[in-house]
Amino acid sequence: MSRLPVMTSKRVLTSSSSSENSQDLQPAQKRLRKDPENVKPPAAATIIGTKRPAAAASRAPLSKPVRGTGAATVAAVPSRGVLKPSVASAAAKGSNMKQTVASTGTKAGGGAARRPPWDLKGKVSDMEGKIHNYQTKVKSVSQENEALKGTMAQKQSRMFEMEKELEKARSQISEYEEELQALSGVQDELEKVSSDKSTLQKEFSNLEGKYKVIETLRESQETELQTLKMKLSIQESTLARLQTTLRETEEDLRSSRDTVAQQKDELHAGEMERRQLHNTIQELKGNIRVFCRVRPLVDGGLSKHIQLLANDNKTITLAKTEESHTGRTADTQKIYNFSFDRVFSPQSSQKEVFEEISLLVQSALDGYNVCCFAYGQTGSGKTYTMEGDEFDDTRGVIPRAVKQIFRAAEKLESQGWEFTFTASFVEIYNETLRDLLYTGKASKRPEHEIRKSSNNEVSITNLTYEKVSNEDQVLGLIALANQNRSTAQTAQNDRSSRSHSVFQLDIEGVNAGRDVKCKSTLCLVDLAGSERMVKSQSQGERFKEMTAINGSLSNLGIVIAALANKESYVPYRNSKLTYLLQGCLGGNSKTLMFVNIAPEPDSFGESLNSLRFASKVNDCVIGTASANRK
């Protein structure tokens, strides 16, 4: 049997296709070789019928004519070595195709019989027809794509132009809207102007009527004005006479004011002279000066059992009514009179209190040792008297004394004096000395002892001494000391001082021009308040503190009594308080004591004891102080 032209036709088809179609056919041929079982049956069914389908008829002519059905029948017997392995394998496997493929091919071919498995050439022809159809479709699609690209470019340019027109239209619309808004505002203004015009026309007509009325009134008032002018001339003449009298009266008043001012100056000078003379008398007497200050009640006023005379500022009277124990006699009233250097009422201000001791503080710059301490029961106002509050009007003795010292030192600089100041602050708590200016760790707090030198000067070991040059530095040290001071709440006082505090300002002055030196100490002491167990209800640590406070105050009373009785031995060493104040109580010092009184009726007993102790102190003679000058 002669060779079949199947492979020749396939080769001619492959070689005659264009380069573009060859690229499309190669993957299809590869798929045909690799997977002949996946060839769709409908392609085979299109060749079996008596007529070829429309797709096969419309394909482009091949280089060689493809044989018809009869030729495909002859190709049933394979020739030797003509078919490629892929076609042979496809023919071998064609008989194993499933019935589902055949049925699908039958439906697609309009009911025509499917190709037999051995008709490979027909199947190849069907595949070539499909390929040709696909190439035609690709070309048509490419042409349509090119046309669509041109149309797309035209549409895009048209769209760009339309967007520009749209933006232009939007800008015109916004301009029209702005013009419309402006026109609406103009219309509103026009309506407003029209309404204002009508209103003004009405007002104008009203004003015309009022003008006529006013014109009538003007004529009548001109007549009255002529009358008033005549009266004015009469009043002017009267005023001239009164001005002359007033001028004379003002001259008399001015002279009276000058006289009053002169009398006030003379009165102030007399008061200052009285104070100086009083200080001189006290210095000559050598007594400790005592001032008594009565604290006001919480709600203001003065208690009935305390009597102060309005014209006498040196006496105070305590009066107490006692009931009869038998009931047969009438109630009796006991009266206790006391006299001191000055008694301050509850209405006395901090400024008034300090003015009385300002000359005493001034003596510290003159070389005199000055000591001022406050005594009284707890809650009687000792700390307020000595320290006061942070405001200027309520500052106490200590800050005011420091202020006066530094201001006086500045004035003395013009006379050639130069001063150096050293401050220290110590408290006596439970008969133990504590440095109130110590800022280190509490566990490393040093111990302190009172030492007395050969020239009878008292000092404290390991104490902090701060050099100060102005008032603010001293006030800062006072604030630090107040933070470190021992205070606690008791039944009598919410913030009761549980220790005696001693502030010392050592002053050294040098006048090089006159070759004069002076040295003095200003000692300001705030004693802890005396209290009773029944009233304070102290327990535990508070009871221990109360015992130490009352013990040191009792020893102070013993020392005062020994000084008043001029005994040969004075027990200063019985307590740390008296030992520290030895120079102020019995040495070369100007000493002043404030005795503070609580006005409550239940404090009558404590007030009486405080006044009796103050009287003993006032009678104590410590000798005349001398200035420490070289």
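These numbers come from a predicted model, not from an experiment. (Residues numbered from 1 in each chain as written. Predicted model: local features only at pLDDT ≥ 70, side-chain atom pairs only at ≥ 80, totals over all residues. Heavy atoms only, no water.)

Novice: I'm lost on the overall build of the chain in this one. Help?
Specialist: Each helix and strand counted, the chain has 17 helices and 16 strands in total. Looking at the chain as a whole, 36% of its 630 residues are labelled buried. Restricting the contact set of the chain to residue pairs at least 6 apart, pairs at least 24 apart contribute 71%. When the accessible surface of the chain is summed, it comes to about 38,500 Å², and 53% of that surface belongs to carbon and sulfur atoms. (Helix = DSSP H or I, 4+ residues; strand = E, 2+ residues; numbered from the N terminus. Buried < 20%, exposed > 50% of the residue type's maximum accessible area, 1.4 Å probe, protein only. Contact = heavy atoms within 4.5 Å. Areas by Shrake-Rupley, 256 points an atom, 1.4 Å probe, with all protein chains shown as cover.)

Novice: Even after reading the chapter, I still don't get helix α9 (residues 350-362), so can you show me in this structure?
Specialist: In an α-helix, one full turn covers 3.6 residues, which means residues spaced three or four apart are oriented alike. With 13 residues, α9 should cover 18 Å at 1.5 Å per step; its first-to-last C-alpha distance of 18 Å lies within 8% of that length. Of all the bends found along α9, the most pronounced is centred on Glu356 and spans about 45 degrees. What α9 keeps buried is the set Gln350, Val353, Phe354, Glu356, Ile357, Ser358, Leu360 and Val361. (Expected span 1.5 Å × (residues − 1). Bend = angle between axes of the 7 residues up to and from the residue.)

Novice: What is the right way to look at a negative patch on the surface in this model?
Specialist: A cluster of acidic residues, Glu175, Glu177, Glu178 and Glu179, forms a negative patch on the protein surface. Summarising the element assignment, Glu175 is placed in helix α8 (residues 120-285). Glu175 gets classed as partly exposed once you look at its relative accessible area, which sits at 44%. (Patch = residues over 30% accessible without salt bridge, like charges linked within 9 Å, V, L, I, M, F, W, Y side chains within 5 Å. Salt bridge = Lys/Arg side-chain N within 4 Å of Asp/Glu carboxyl O. Lys, Arg positive; Asp, Glu negative; His and termini not counted. Charge placed at Lys NZ, Arg CZ, Asp CG, Glu CD.)

Novice: Honestly, the pairing of strand β16 (residues 590-597) in this entry has me stumped. Any pointers?
Specialist: Consecutive side chains of a regular strand alternate in pointing toward one face of the sheet and then the other. Within β16, eight of the eight residues are buried, leaving the element largely enclosed by the surrounding structure. Side chains of β16 alternate between two faces, with Lys590, Leu592, Phe594 and Asn596 and Thr591, Met593, Val595 and Ile597 buried alike. Looking at chain direction, strand β1 (residues 289-294) and β16 are connected through six bridges and run parallel. Within β16, the position partnered with Val294 by the bridge is Ile597. Relative to β16, strand β6 (residues 370-376) is paired through seven bridges, and the arrangement is parallel. Residue Ala374 lies in a different strand from β16, and its bridge partner there is Phe594. (Pairing = 2+ DSSP bridges.)

Novice: Whenever I open this one, unusual backbone geometry confuses me. Can you help?
Specialist: In terms of backbone geometry, most residues other than glycine have negative phi values and most peptide bonds are trans. Phi is positive for Asn430, close to 55 degrees, though the residue is something other than glycine. One can find Asn430 in the loop between β7 (417-429) and β8 (432-435). Look at Asn430 and you get buried, because its relative accessible area is 18%.

Novice: Just to check I follow, could you spell out the pairing of β8 for this structure?
Specialist: Residues Leu433 and Asp435 of β8 are buried on one face, while the alternating residues Thr432 and Arg434, pointing to the opposite face, are not. For β7 and β8, the ladder comprises four bridges, and the chain directions are antiparallel. Its bridge partner lying in β8, Val426 is registered against Asp435. Connecting β7 to the antiparallel partner β8 that follows it, the hairpin turn spans two residues, and Asn430 within it adopts a positive phi of roughly 55 degrees.

Novice: Teacher, can you tell me more about the sheet that holds strand β3 (residues 315-322) here?
Specialist: Note on sheets: strands pair through backbone hydrogen bonds, and any given pair is parallel or antiparallel. In spatial order, the strands read β2-β3-β4; together these three strands make up an open sheet with antiparallel pairing. Edge positions in the open sheet fall to β2 (306-307) and β4 (332-339), since each of these has one partner strand only. Both β3 and β4 contribute to a ladder of eight bridges, which runs antiparallel. Bridge pairing links Leu318 to Tyr336 in β4. Its contacts with the sheet place helix α17 (residues 604-618) against β3 and β4, and it is angled at close to 35 degrees to β4. (Axes fitted to C-alpha atoms, helices over the stretch in contact; angles between N-to-C directions.)

Novice: Teacher, can you tell me more about the side chain of Ser424 here?
Specialist: Topologically, Ser424 is positioned in strand β7. With a relative accessible area of 3%, Ser424 lands in the buried category.

Novice: Would you explain the packing of helix α14 (residues 541-564) against α17 in this entry?
Specialist: For any two helices packed against each other, one specifies the crossing angle of their axes together with the interaxial distance. One can describe the packing of α14 onto α17 by two numbers: an axis separation of 9 Å at closest approach and a directional angle of 40 degrees. When the axis of α14 is compared with that of α17, the two are oblique. In this structure, α14 meets α17 at a crossing whose hand is left-handed. The residues of α17 that touch α14, namely those facing Leu556, Gly557, Ile560 and Ala564, are Phe613, Lys616 and Val617. Looking at the contact of α14 with α17 residue by residue, the classes come out as five nonpolar, one polar and one charged. (Parallel < 35°, antiparallel > 145°, perpendicular 65-115°, else oblique. Left-handed = near helix turned anticlockwise from the far one by under 90°. Nonpolar A, V, L, I, M, F, W, Y, C, P; charged D, E, K, R; others polar.)

Novice: Sorry, what's going on with the packing of aromatic side chains here?
Specialist: Describing an aromatic ring pair means giving the distance of the ring centres and the angle of the ring planes. Overall, the coordinates contain nine aromatic pairs when judged by the stated rule. With 5.8 Å between their ring centres and 70 degrees between their planes, Phe291 and Phe594 make a pair best called edge-to-face. Here the residue Phe291 occupies a position in strand β1, and Phe594 occupies one in strand β16, the gap between them amounting to 303 residues. Look at Phe291 and you get buried, because its relative accessible area is 4%. For Phe594, a relative accessible area of 0% gives the class buried. Centroid distance Phe425 to Phe503: 5.4 Å. Interplanar angle 55 degrees. Geometry classified as tilted. With a gap of 78 residues between them, Phe425 in strand β7 and Phe503 in strand β14 (residues 500-511) connect regions that are remote in the sequence. Considered together, Phe425 and Phe503 belong to a single accessibility category, that of buried residues. Cluster of aromatic residues (ring-pair linked, three or more members): Phe406, Trp417, Phe419 and Phe421. Directly above the ring of Tyr429 sits Arg434, whose terminal nitrogen or CZ lies 5.7 Å from the centroid. Over the face of the ring belonging to Tyr368 we find Lys590, whose NZ or CZ atom lies 4.1 Å from the ring centre. (Phe/Tyr/Trp six-rings, centres within 6.5 Å; stacked < 30°, edge-to-face > 60°. Lys NZ or Arg CZ within 6 Å of the ring centre and 35° of its normal.)

Such coordinate-based values are descriptive only and should not be taken to indicate function.
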